[in-house]
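Here are the chains, one letter per residue:
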Amino acid sequence: MRILLVEDDSMIGDAIQGALNDASYATDWVKNGLIALAALETHVYDLVLLDLGLPGKDGLDVLDGIRGRNNPVPLLIITARDSLDDRLRGLDGGADDYLLKPFAMAELLARIRAVLRRKGGTAHSRLDNGEVSLDLLSKQASTADNPDVQLSNREFALLQALLIRPGTILSRSELEERIYGWGNEVESNAVEFLIHALRRKLGNHIIKNVRGMGWMVSKNA
Amino acid sequence: MDGFKERLNDSVQVRLSVTLSLAILIVAALAGFFAFFSAINETHEMQDETLRQVAILFDRQKMTLHYPVVEQVAGDDEESRVIVQYLADSTKASGSDDATTPLPFPTGLADGFSTLSVAGENFRVLVRTIASGERIVVAQEADVREKEARKSAWRSLLPFLILFPVLLLVVSDLVRKLFRPIATLSEEIDQRDEQALHPIDENHLPTEIRPFVVAINRLLTRVAQSMETQRRFIADAAHELRSPMTALSLQAERLSAIEMSAAAHQRLLPLTQGIERSRKLIDQLLALATAQSSAERSQGSVSVHDIYRRVLEDLLPLAERRHIDIGVESFEDVQVVGNEVDLLILVRNLVDNAIRYTPVGGRVDLAVEMAGESVILEVKDSGPGISAEEQLLVFDPFYRSLGTDESGSGLGLAIVKAIADRMGARLRLSFSDEKNKSGLCVSVWLKRAR
């Protein structure tokens, strides 16, 4: 994996490059937009990390330059600009994700993996939040204590709904929508019943209840 | 009296009212004076004219006089009657009484008007030589004439007496009306909050104060500019700090990945925590600068439960670390009017505070309820609460309650206040347990969306 890092701040650039190397990505680091465009002309990269506040040529202009040449390279913006306007311009301009400084390296690495996965088009057959992983083909869930637990169709649908975006709270009606197809009669207490069953199979801490709001699985890494 | 003098010196309005009233008083007095005396003169002239007409009538009709002793004639008034007699008959006057003619006029009177005292009474007398060569006297008591004249003179004063107070009222009312724009203007400026530095509307103001208002507007613009510069400085400074902070935290993170002794790991922990704390402070500074900036924000209808959900998703890990039971109490969702990002930051700061200042194992409740046109958002915790004396201070930036070891930025409630002020939302701090005076309950009044 070869990554192009476009960052004018030498302290940050140094830290990111070091961390990327630690994570076994080959990293080329350039400090301004013109050189970045030139590098993209001559080399093939798997991913670009782009800072917006660049000297000479602004990051958003660099982004226009890249997408203007129909280069589909996965691109992640890392910036201190937090205005909604900048964010929208970045994403509308063809960036795949937008990460705000200051960020933790673990978060950057996770986002890099996510972008690569999305752009690579590999249909990931597993959902994972670090505590529980779900095999989408065999419908088996695994935790540290309970490996390969077979789930019923509805249990699977519920856990899948929660695992698609870990850390997101889903209300009862949202979960019901995902478990039942259109026109199906919704049984009362079905959600509580399924969650009770899942907790018995996988452990109590896997699915968390948020009083008055709904249920979620945690987002740790 | 001193107070009045002071007001007279200080207030144009009072000075104008008093001066105008005095001018009206003087003019009215002078006009009244002249009207009074000219009315007296005029009445006297008319009365003289009557005497003259009687004399001419007598002459023209060639009347002759005799003096019968008669009983009272209907409508006759002894005081005001006109007496006609031959001057020569004065010698035949019967007594010193003026009730019976002829009266004893001095026979040497010249032709024409004169006023003289006869039989103990003052008389206005006209002597005329008629065609037959005889001289007649036409006379009337002077007292009655004087009384009549004064009566009509007083009557001529009546309009002034009525008009004077009316004019005073009109003048004072007029002056007050003329000064009303100034009063309204000062009221408008008085009621502005500190963020409202937009120029004063000078279109409906009198030309005399317009230059003054224009000058104030220029000052307001300068103040707004300097405040904006200050805000931008804070925002820019915080912004600039982000890059070095990022570099610092990334380096610390890399350091922790390296294999090192347990002691080194132990020392790295406070370093990482310090970096995290600085990062949070910078974020909060930026949030405060944004909340205080005057930039317009789009307003829309925002779901309170949606905001609660997003805040809980963010802060649940923190609550779990502190073993705090956090949740939403109300089942009904409500839509409010406001900017979504503003509302999110407001609620997040309130909940963050509640979690941090509640002891481990405590409880935090979020609720929303409708109250007429308003919607009340409530964040309650089971912490120590904030005493009444402290309630005014906690909204100041960097204020921290004594005896708390929490590493908050000290900006949370300042941000909440800035956002609430801009949204026109009311904030109230109270105890969630009124009886035991414990637990903080923050209520925010927002406008309900239709």
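For clarity, every value in this text was computed on a predicted model and none was experimentally measured.

Reading the values: rules and limits
- Starting afresh in each chain, residues are numbered from 1 along the sequence in its written order.
- Both sets of labels track the order of writing: A upward for chains, 1 upward for ligands.
- The predicted origin of the model limits local features to residues at a pLDDT of at least 70 and limits the giving and counting of side-chain atom pairs to 80 or more, whereas totals for whole chains, interfaces and linings rest on all residues.
- For helices the rule is a DSSP run of H or I covering at least 4 residues; for strands it is a run of E covering at least 2, with both sets numbered from the N terminus onward.
- With C-beta atoms placed from the backbone, a residue counts as buried when 20 or more other C-beta atoms lie within 10 Å of its own, as exposed when 12 or fewer do, and as partly exposed for counts between those limits.
- Contact criterion: two residues are in contact if their C-beta atoms, reconstructed from the backbone, are within 7 Å.
- What pLDDT reports is the predictor's confidence in each residue, on a scale of 0 through 100.
- By the convention used here, strands pair only if DSSP detects at least 2 bridges between them.
- We call a set of buried Ala, Val, Leu, Ile, Met, Phe, Trp, Tyr and Cys residues a nonpolar core when their C-beta atoms link them within 7 Å.
- Every angle, taken between N-to-C directions, lies between 0 and 180 degrees, and every axis is a line fitted to C-alpha atoms, over only the stretch in contact when it is a helix.
- Orientation labels follow simple angle bins: below 35 degrees gives roughly parallel, above 145 gives roughly antiparallel, 65 to 115 gives roughly perpendicular, and whatever is left gives oblique.
- In this scheme, a crossing is called left-handed if the near helix is turned counterclockwise away from the far one by less than a right angle; it is called right-handed if the turn is clockwise.
- Residue type decides the class: Asp, Glu, Lys and Arg count as charged, Ala, Val, Leu, Ile, Met, Phe, Trp, Tyr, Cys and Pro as nonpolar, and the leftover types, Gly among them, as polar.

### Here we look at the overall build of chain A
- When helices and strands are counted, chain A shows eight helices and 11 strands.
- Residue burial in chain A is summarised as follows: out of 221 residues, 32% are buried.
- Within chain A, contacts between residues separated by at least 24 positions form 54% of all contacts whose residues are at least 6 apart in sequence.

### Description of the overall build of chain B
- Scanning chain B from N- to C-terminus turns up nine helices and 11 strands.
- Taken over 450 residues, chain B has a buried fraction of 23%.
- A separation threshold of at least 6 residues defines the contact pool for chain B, and within that pool the share at least 24 residues apart is 64%.

### Points about the confidence of the model for chain B
Residue and element names in this part refer to chain B.
- With 96% of its residues at a pLDDT of 70 or more, chain B has an overall mean of 85.
- Across chain B, element-level confidence peaks in strand β9 (residues 374-381) with a mean pLDDT of 94 and bottoms out in helix α1 (residues 2-10) with 75.
- Here the complex is predicted with pTM 0.64, and the ipTM for its interfaces comes to 0.72.

### Some remarks on the pairing of strand β7 (residues 335-338) of chain B
Residue and element names in this part refer to chain B.
- Of the two faces of β7, only the one carrying Val336 and Gly338 is buried; Gln335 and Val337 on the other face are not.
- Pairing of strand β5 (residues 300-303) with β7, which is carried by four bridges, proceeds in the antiparallel orientation. Paired with Val302 across the two strands is Val336, which belongs to β7.

### Digging into the interface of chain A and chain B
- Taken together, the contact between chain A and chain B spans 21 residues of the former and 22 residues of the latter.
- For the side of chain A that touches chain B, the leading source of residues is helix α1 (residues 10-22) of chain A, giving seven residues.

### Structural notes on the nonpolar core
Residue and element names in this part refer to chain B.
- Membership of the largest hydrophobic core comes to 110 residues, with the highest contact counts inside it found for Val351 and Ile415.
- Sequence-distant contacts of Ile415, defined by excluding residues within four places in its chain, comprise Gln284, Ala287, Leu288, Ala291, Ile345 and Asn349.
- Counting 13 residues, the second largest nonpolar core, distinct from the first, contains Leu87, Leu126, Val137 and Ala139.

### Brief notes about the sheet that holds strand β6 (residues 126-128) of chain A
All names here are of chain A.
- Taken together, the four strands give an open sheet; going across it, the order is β6-β7-β8-β9, and neighbouring strands pair in antiparallel fashion. In the strand order of this sheet, the two ends are held by β6 and β9 (149-150), each with one partner.
- Pairing of strand β7 (residues 132-135) with strand β8 (residues 140-143), which is carried by four bridges, proceeds in the antiparallel orientation. The residue bridging Leu134 from the neighbouring strand is Ala141, located in β8.

### Quick notes on the pairing of strand β3 (residues 47-51) of chain A
Residue and element names in this part refer to chain A.
- With five of five residues buried, β3 is to be regarded as a mostly interior element.
- By the bridge criterion, four bridges tie strand β1 (residues 2-6) to β3 in an arrangement that is parallel. Residue pairing for β3: Ile3 is matched across the bridge by Leu47.
- With four bridges joining them, β3 and strand β4 (residues 75-79) adopt parallel strand pairing.

### Considering the sheet that holds β1(A)
Residues and elements named next belong to chain A.
- With respect to topology, five strands assemble into an open sheet ordered β2-β1-β3-β4-β5, the strand pairing being parallel. At either end of the open sheet lies a strand with only one pairing partner, and these are β2 (26-30) and β5 (97-100). The sheet shows a mean angle of 20° between the axes of neighbouring strands, taken without regard to direction.
- The sheet strands contacting α1 are β1 and β2, and the helix crosses β2 at an angle near 165°.

### Things to note about the packing of α1(A) against helix α4 (residues 210-257) of chain B
- Orientation of α1(A) relative to α4(B), taken along the N-to-C sense of each, is 30°, at an axis distance of 8 Å. Classified by the angle between their axes, α1(A) and α4(B) sit roughly parallel to one another. The element α1(A) and its partner α4(B) pack so that their crossing is left-handed. Counting all contacts with α1(A), which are made through Met11(A), Ile12(A), Ala15(A), Ile16(A), Gly18(A), Ala19(A) and Asp22(A), the residues of α4(B) involved are Ser243(B), Pro244(B), Thr246(B), Ala247(B), Leu250(B), Gln251(B), Arg254(B) and Ala257(B).
- Here the residues of the contact of α1(A) with α4(B) are counted per class, giving nine nonpolar, four polar and two charged.

### Regarding unusual backbone geometry
- Omega for the peptide link from Lys101(A) to Pro102(A) comes to -5°, which places this bond in the cis form.
- In this fold, Pro102(A) is placed in the loop between β5 and α5 (105-120).
- In this structure, Asp148(A) takes a positive phi of about 50° despite not being glycine.
- Mapped onto the elements, Asp148(A) comes out in the loop between β8 and β9.
- Despite not being glycine, Lys62(B) shows a phi value in the positive range, around 50°.
- Its place among the elements puts Lys62(B) in the loop between α2 (12-60) and β1 (82-86).
- Given 9 C-beta atoms within a 10 Å radius, Lys62(B) is considered exposed.

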